[in-house]
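Coordinate inspection notes
Here's the letter readout for the chains.
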Amino acid sequence: MPIMVDDIMKLLCSISQERKMKAAVKHSGKGALVTGAAAFVGGLVGGPPGLAVGGAVGGLFGAWMTSGQFKPIPQILMELPPAEQQKLFNEAATIVRNLDWTDAVQLTTLVMGSEALKQQLLAMLVNYVTKELRAEIRYDD
């Protein structure tokens, strides 16, 4: 069974790599904390005008801290713990259950030849990444 999980993971990596998909886990809590802390310090130092300046500077700094943290989805998939990979495998297996394959190369060839299967797996992968991992997806050109 672990071999089949690896085959499906390699397939999902191929599909996401073909679409040049990247994802970033949202760190909105960290940005809000930085903004609040900067506003607090600004308020202590400069009163009401310091509060406004601290909030603005903190907001910009918080946004800068959390931007650009996109990682390729194949990297994210391969770093998933085994339990999460199994969950993803179970979802993907329902889509490719009627295919007969012996290894990841054959499975990938079969799926890449079918636009319908590729779209179903892509939709499942996007749903998993956005709902389960709570990540934002970006497609590079």
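Scroll up to find the structure.
Predicted model, so just to flag it, every value in this text is computed and none were measured.

Considering the pattern of salt bridges
This model, assessed by the stated rule, comprises seven salt bridges. A salt bridge links arginine 19 to glutamate 115; its shortest N-O distance comes to 3.5 Å. Pair noted here: arginine 19 is in the loop between helix H1 (2–18) and strand E1 (21–25) and glutamate 115 is in helix H6 (residues 115–132), with a separation of 96 residues, a long-range link. Classification of glutamate 115 by relative accessible area gives partly exposed; the value is 44%. A salt bridge links lysine 87 to glutamate 84; the shortest N-O distance between them is 3.5 Å. Of this pair, lysine 87 and glutamate 84 both sit in helix H4 (residues 82–96), separated by three residues, roughly a single helical turn. The partly exposed category is assigned to lysine 87, whose relative accessible area is 33%. Via salt bridges that share partners, Glu18, Arg19, Glu115 and Lys118 belong to a single interconnected network.

Thoughts on the packing of aromatic side chains
With the rule as written, the count across this model stands at zero aromatic pairs. The lysine or arginine in question, arginine 138, covers the ring of phenylalanine 70, its NZ or CZ lying 4.0 Å from the ring centre.

Calculation rules
- Residues numbered from 1 in each chain as written.
- Predicted model: local features only at pLDDT ≥ 70, side-chain atom pairs only at ≥ 80, totals over all residues.
- Heavy atoms only, no water.
- Salt bridge = Lys/Arg side-chain N within 4 Å of Asp/Glu carboxyl O.
- Helix = DSSP H or I, 4+ residues; strand = E, 2+ residues; numbered from the N terminus.
- Buried < 20%, exposed > 50% of the residue type's maximum accessible area, 1.4 Å probe, protein only.
- Phe/Tyr/Trp six-rings, centres within 6.5 Å; stacked < 30°, edge-to-face > 60°.
- Lys NZ or Arg CZ within 6 Å of the ring centre and 35° of its normal.

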